[in-house]
Amino acid sequence: MSPADTGASTIVAAASPVPDSASDSASDSRLTPGGPGYRRMSFALFLAGMATFALLYSTQALLPLISSGFDVSASAASWTVAAATGGLALFVLPMSALSERFGRRTVMTASLVVAVSLGVLVPFAPSLGALVALRFLQGAALAGLPASATAYLAEEVRPKALVTAIGLFVAGNSVGGMSGRVITGWVAQEWGWRVAVAVIGAIAVGCAVAFRLLLPAPQHFTPGSLRPRVLARTVRDHLANPLLCRLYAIGALFMTVFGGVYTVIGYRLTEAPFSLPQGIIGSIFLVYLVGTVSASTAGRLVGRLGRRGALYLAGGTTAAGLLVSLADSLPLVLLGLVLITAGFFAGHAVASSAVSKTATTGRAQASALYQSAYYIGSSTGSTVGAMAFHAGGWAGTVGVGVLAVVGVVTITVLGSRAARVERRGVGAAAA
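Cut-offs applied
Residues numbered from 1 in each chain as written. Predicted model: local features only at pLDDT ≥ 70, side-chain atom pairs only at ≥ 80, totals over all residues. Heavy atoms only, no water. Helix = DSSP H or I, 4+ residues; strand = E, 2+ residues; numbered from the N terminus. Buried < 20%, exposed > 50% of the residue type's maximum accessible area, 1.4 Å probe, protein only. Contact = heavy atoms within 4.5 Å. Areas by Shrake-Rupley, 256 points an atom, 1.4 Å probe, with all protein chains shown as cover. Expected span 1.5 Å × (residues − 1). Arc of directions from axis to C-beta. Axes fitted to C-alpha atoms, helices over the stretch in contact; angles between N-to-C directions. Parallel < 35°, antiparallel > 145°, perpendicular 65-115°, else oblique. Left-handed = near helix turned anticlockwise from the far one by under 90°. Nonpolar A, V, L, I, M, F, W, Y, C, P; charged D, E, K, R; others polar. Core = buried A, V, L, I, M, F, W, Y, C linked by side-chain atoms within 4.5 Å. pLDDT = per-residue confidence, 0-100. Salt bridge = Lys/Arg side-chain N within 4 Å of Asp/Glu carboxyl O. Patch = residues over 30% accessible without salt bridge, like charges linked within 9 Å, V, L, I, M, F, W, Y side chains within 5 Å. 1 Å grid on protein atoms, 1.4 Å probe; cavity = no way out; pocket = protein on both sides within 12 Å on 5 of 7 lines; lining within 4 Å. Points joined across faces, edges and corners; volume = space filled by probe spheres on them. Phe/Tyr/Trp six-rings, centres within 6.5 Å; stacked < 30°, edge-to-face > 60°.

Can you lay out the overall build of the protein chain for me, pointing to particular residues and giving the numbers?
A count of helices and strands for the protein chain gives 17 helices and 0 strands. Here the protein chain holds 431 residues, and 57% of them are scored as buried. Considering only contacts within the protein chain whose residues lie at least 6 apart along the sequence, 84% involve residues at least 24 apart. With an accessible surface of roughly 16700 Å², the protein chain has 68% of that area assigned to carbon and sulfur atoms.

See the structure below:
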């Protein structure tokens, strides 16, 4: 999937700097398509990405069943999603620093081992509190994957093959995120949510074992030192950059919409007038495929409309989808989800790529900060969207989403004004 996927794609620029044209010479020992080790590496990272996002969102399609199983509200059950994405958001920056010291493959392996071990325990959670705690720890462990995978690729793959290699990893994110929701929906319909998450855990164990066996040992990694002061200074500099802060806020707000909608949609579709079975509700997540198309066209949108124009279009499409989804007609609800998904993925692709272009130093930390904001938005959307649904039904969740889109548009307008003021200042100085 393109850079708009719900996950590691946001840190494509977090990879270490790539050498210049000399890297394409015959003496370059890095991996290239058709060369030894490239297919193994690509498939290993595809499986890692698949396991990561299958685990991360494994409970999202099951929230109505979790609510009834523990006799809790939608807002309480939504913490099983918010805790996992919140854990990832909090730990992605520290994990990126650990991978600089201990190696990409080491951190990725440790992350998967811990995450799948916790995944084995999740089906046996005796209470909602225990389930939420396990999910938080699982998200924190999974932070090591997006923090390390693209850096590994930049170090071990030739520059001309890098985009393709990253694309395969991100495709694993997409397939895992989507298939995890679809599989859990159908399994839970027959055997309950505990069996469904156990199946996802078993799939993730298989992916983790195959990943470790297939991934080639790194040949071009140079360990760095953990220097908290340097990391803190870099993070501070990024947070002092107004444009980066606007992009972080835009990513968080787009994800607030998306997290809220897809956390709550299962509850709405189980109720009248839809009353859909769990398997069909899980299959709704196939709409994610729309994001592949919209994200892949984001570059062309920016070329035609500029970054801000593309963000306006993405925000407008998302808002239109929210309003259409208010109808009590299943085809219109599905159309609304298509528009929301297309708008979200396009907007996320534009914002995340702009972070890569804006940060001239410390790109790993700049992208990790974006990803932190992105997953904070996911956690916020999951929780607040569910609370709004509990208080006001689907219209309440839509209201939260519309407010978030208004925030995106407002920030973009402020960015346009700031750019005009800056251009005038440069023109006056030149005169």
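Can you tell me about helix α10 (residues 228–239), naming the residues and giving the values?
An ideal rise of 1.5 Å per residue puts 16 Å on 12 residues; α10 measures up with 16 Å between its terminal C-alpha atoms. Residues of α10 that are buried: Thr234, Val235 and His238. Down the axis of α10, the sector holding all buried residues measures 95°, keeping them to one side. Exposed and facing more than 90 degrees away from the buried side of α10 are Arg229 and Arg236.

Can you explain the environment of Arg181? Please cite residues and give values.
Among the structural elements, Arg181 can be located in helix α8 (residues 159–191). Residues Arg181 and Gly279, 98 residues apart in the sequence, show an inter-C-alpha distance of 9.7 Å. Apart from the residues within four sequence positions on either side, Arg181 is in contact with Tyr57, Gln60, Ala61, Gly282, Phe285 and Tyr288.

How would you explain the packing of helix α1 (residues 38–56) against helix α6 (residues 128–142) if you had to name every residue and give the values?
One can describe the packing of α1 onto α6 by two numbers: an axis separation of 10 Å at closest approach and a directional angle of 155°. By the angle between their directions, the pair α1 and α6 is classed as roughly antiparallel. Relative to α6, α1 is oriented so that their crossing is left-handed. Facing Thr52, Leu55 and Leu56 of α1, the residues of α6 in contact are Arg135, Gln138, Gly139 and Leu142.

An account of helix α11 (residues 242–270) is needed here, citing residue identities and associated values.
Owing to its 3.6 residues per turn, the α-helix brings residues three or four apart onto one side. Given a rise of 1.5 Å per residue, 29 residues ought to cover 42 Å, and the 43 Å separating the end C-alpha atoms of α11 matches this to within 8%. Where burial is concerned, most of α11 is hidden: 22 out of the 29 residues are buried.

Tell me about the packing of α1 against helix α5 (residues 104–121), residues and numbers included.
Their axes nearest at 11 Å, the elements α1 and α5 cross at an angle of 40°. Once α1 is placed against α5, the crossing between them reads as left-handed. Touching Leu45, Ala48, Ala51, Thr52 and Leu55 of α1 are Met108, Leu112, Ala115 and Val116, all from α5. Taken together, the residues of the contact of α1 with α5 sort by class into 8 nonpolar, 1 polar and no charged.

Could you give an account of the nonpolar core, with specific residues and numbers?
In terms of nonpolar packing, the biggest core is built from 114 residues, with Leu45, Ile66 and Tyr262 touching the most fellow members. Here the element with the most residues in this core is α11; it accounts for 15 residues.

Just give me the short version of the confidence of the model for the protein chain, but keep the residues and values in it.
On average, residues of the protein chain score 83 in pLDDT, and 84% of them are at 70 or above. Summarising per-element confidence for the protein chain, the mean pLDDT is lowest in α8 (72) and highest in α6 (96). Contacts for the low-pLDDT stretch residues 1–25, under 50 throughout, to residues beyond four places or in other chains number 91 contacts.

Got a sec to walk through the pattern of salt bridges? Specific residues and values, please.
Taken as a whole and assessed by the stated rule, the structure comprises 1 salt bridge. The partner of Asp328 in a salt bridge is Arg268, with the nearest N and O atoms 3.2 Å apart. In this pair, Asp328 sits in the loop between α14 (298–324) and α15 (330–358) while Arg268 sits in helix α11, placing the two residues 60 residues apart along the sequence. Accessibility expressed as a relative area gives 7% for Arg268, which makes it buried.

Kindly report on unusual backbone geometry, identifying the contributing residues and their values.
In this structure, Pro273 follows Ala272 across a cis peptide bond, with omega equal to 10°. Positionally, Pro273 belongs in the loop between α11 and α12 (278–283). Look at Asp71: it is not a glycine, yet its phi comes out positive at around 55°. Mapped onto the elements of the fold, Asp71 is located in the loop between α2 (63–70) and α3 (74–77). The residue Ser275 is not glycine, and still its phi comes out positive at about 50°. Counting through the fold element by element, Ser275 comes out in the loop between α11 and α12. Owing to a relative accessible area of 49%, Ser275 belongs among the partly exposed residues under this scheme.

Give a description of a nonpolar patch on the surface that names residues and reports values.
A surface patch of nonpolar side chains, about 360 Å² in accessible area, is lined by Leu90, Phe91, Phe136 and Leu137. Every element with two or more residues in the nonpolar patch is listed here: α4 (79–102) and α6. Along the chain, Leu90 turns up in helix α4.

Explain empty space enclosed by the protein residue by residue, including any values.
The final tally for this structure, using the stated rule, is 5 cavities of 30 Å³ or more. Taken as a whole, the largest cavity encloses approximately 70 Å³ of empty space. Lining the largest cavity are Leu243, Arg246, Leu247, Ile250, Arg307, Arg308, Leu311, Ile411, Thr412 and Gly415. Going through the elements one at a time, α11, α14 and α17 (394–430) are the ones with two or more residues in the lining of the largest cavity. By residue number, the principal contributor to the lining of the largest cavity is α11, which donates 4 residues.

Talk me through the packing of aromatic side chains; I want residue IDs and the actual numbers.
For any pair of aromatic rings, geometry is given as the distance between the ring centres together with the angle between the planes. The full count for this structure, using the stated rule, is 13 aromatic pairs. A ring pair is formed by Phe258 and Phe345, whose centres lie 5.5 Å apart and whose planes are at 70°; its orientation type is edge-to-face. On the criterion of sequence distance, the pair formed by Phe258 in helix α11 and Phe345 in helix α15 is long-range, its members being 87 residues apart. Per residue, the accessibility class of Phe258 equals that of Phe345, and both read buried. With a centroid separation of 5.4 Å and an interplanar angle of 35°, the aromatic rings of Tyr262 and Phe285 are classed as tilted. One end of the pair, Tyr262, is in helix α11; the other, Phe285, is in the loop between α12 and α13 (288–296), with 23 residues separating them in the sequence. Each member of the pair, Tyr262 as well as Phe285, is classed as buried. Among the aromatic side chains, those forming a connected cluster through ring pairs are Tyr248, Phe258, Tyr262, Phe285, Phe344, Phe345, Tyr370, Tyr374 and Tyr375.

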